[in-house]
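Examining the three-dimensional arrangement
One-letter residues, chain by chain:
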Amino acid sequence: MKRLETFSREETQILGRKLAHILCPGDVVILTGDLGSGKTELVRGFMHELDPNAIVRSPSFSLVNSYPTARFTVNHFDFYRLSAAEELFEVGYDEYLSTDAICFIEWGEMFPEAIPGNCYRMIFTEASENHRVIETDLPL
Ligand SMILES: Nc1ncnc2c1ncn2[C@@H]1O[C@H](COP(=O)(O)OP(=O)(O)OP(=O)(O)O)[C@@H](O)[C@H]1O
Ligand SMILES: [Mg+2]
């Protein structure tokens, strides 16, 4: 695992922007870390690189937000409010994952049975107010 550090939301967004040149359709990234640790900011940067007009909102209430882009669709999940993995399958989770989309899953570790085996991981830790440590197996 590689250890990265950011010192502002913008720096975390820049990591997301870099990811837009690394990930391929079919890739799944599990984003782990406490509330406010920067998971959604990373996806915001990623989307901004693909589509500067995209407005990324937290999917914690909607469960999933999908963003079609010129290159592929991006599905942004947040499992935080999910009470059972079955709820995922009711919203067509399998189809979201099986298409040529890139998927980000915040709080994905809450339902390991719903996580594909070959996904990437990013683990966010809040070191201080603006300082985040991000451990990842991605080549960032
Ligand atoms: N280095 C940093 N990287 C990312 N966000 C930072 C950083 N420093 C401060 N912040 C602030 O921390 C917050 C991160 O919020 P964000 O919505 O990305 O968290 P999250 O991990 O998605 O939380 P949740 O689990 O509630 O969805 C923002 O308010 C952002 O401005
Ligand atoms: Mg979030």
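Right, let's walk through the structure included here. The residue count restarts for each chain, going from 1 along the sequence in the order it is written. All chains are assigned letters beginning with A, and all ligands numbers beginning with 1, in the order in which they are written. It should be noted that, the model being predicted, local features are given only for residues of pLDDT at least 70 and side-chain atom pairs only at 80 or more, the latter also being counted only at that level, while totals for whole chains, interfaces and linings use all residues. Hydrogens and water are ignored here; the side-chain numbers use all heavy atoms of the structure.

Remarks on the site of ligand 1
Note the following rule: Nearness is defined per residue: one heavy atom within 4 Å of the molecule or strand is enough. Counted as a polar contact is a pair of N or O atoms within 3.5 Å, where, for protein atoms, one must be capable of donating a hydrogen and the other of accepting one, and residues adjacent in sequence contribute only when both atoms are in side chains. In short, Shrake-Rupley with a 1.4 Å probe defines the accessible areas, and a residue's cover is counted only from the protein chains shown. Points on a 1 Å grid over protein atoms alone make up a cavity when a 1.4 Å probe fits among them but cannot get out, and a pocket when they form an open set with protein on both sides within 12 Å along at least five of seven lines; lining residues each have an atom within 4 Å of a point. Throughout, a molecule is located in a cavity or pocket provided that more than half of its atoms lie within 2 Å of its grid points. Every helix listed is a DSSP run of H or I at least four residues long, and every strand listed is a run of E at least two residues long, numbered separately from the N terminus. Amino acid classes used here: Ala, Val, Leu, Ile, Met, Phe, Trp, Tyr, Cys and Pro are nonpolar; Asp, Glu, Lys and Arg are charged; the rest, including Gly, are polar.
For ligand 1, the set of nearby residues contains 19 residues, the closest of which are Thr12, Gly36, Lys39, Thr40 and Trp107. Gly36 is positioned with one of its backbone polar atoms (N or O) 2.8 Å from an oxygen atom of ligand 1. For ligand 1, whose free accessible area comes to 650 Å², the fraction covered by protein is 79%. Among the detected pockets, ligand 1 sits in the largest pocket. At the level of secondary structure, the elements contributing two or more residues to the shell around ligand 1 comprise helix H1 (9–19) and helix H2 (39–50). Looking at which element gives the most residues to the shell around ligand 1, the answer is H2, with 3 residues. Each residue belonging to the shell around ligand 1 can be placed in one class, and the counts come to 3 nonpolar, 8 polar and 8 charged.

Considerations on a nonpolar patch on the surface
Heads up, the rule is: Nonpolar side chains (Val, Leu, Ile, Met, Phe, Trp, Tyr) within 5 Å and like charges within 9 Å form the patches, drawn only from residues with over 30% relative accessible area and no salt bridge. Each reported salt bridge corresponds to a side-chain nitrogen of Lys or Arg within 4 Å of a carboxyl oxygen of Asp or Glu. Buried, partly exposed and exposed residues are distinguished by accessible area as a fraction of the type maximum, computed with a 1.4 Å probe on protein chains only: under 20%, between the cut-offs, and over 50%, respectively.
Taken together, the side chains of Leu35, Tyr80 and Met110 define a hydrophobic patch exposed on the protein surface, amounting to about 280 Å² of accessible area. Judged by its relative accessible area of 34%, Met110 is partly exposed.

Topic: the packing of aromatic side chains
A ring pair, where both rings are aromatic, is described by two values, the distance of the centres and the angle of the planes. Condition: Between the rings of Phe, Tyr and Trp (Trp by its six-membered ring), a pair exists once the centres lie within 6.5 Å; its type follows the angle of the planes, with under 30 degrees stacked, over 60 edge-to-face, and the other angles tilted.
This model, assessed by the stated rule, comprises 8 aromatic pairs. Ring geometry for Phe77 against Phe79: centres 6.1 Å apart, planes inclined by 75 degrees, an arrangement best described as edge-to-face. Measuring from centroid to centroid gives 5.7 Å for Phe89 and Tyr93, while their planes differ by 85 degrees, and the two rings are edge-to-face.

Remarks on the side chain of Thr69
This is how the line gets drawn: Residues are treated as being in contact if the distance between any of their heavy atoms lies within 4.5 Å.
Within the element layout of this structure, Thr69 appears in the loop between strand S3 (64–68) and strand S4 (73–78). The buried category is assigned to Thr69, whose relative accessible area is 18%. Polar contacts involving the side chain of Thr69 include one to the main-chain amide nitrogen of Arg71, which spans 3.2 Å. In this structure the side chain of Thr69 is engaged in a polar contact, spanning 2.6 Å, whose partner is the backbone oxygen of Phe72. Ignoring anything within four residues of it in the chain, the contact list for Thr69 reads Met47, Leu50 and Val74.

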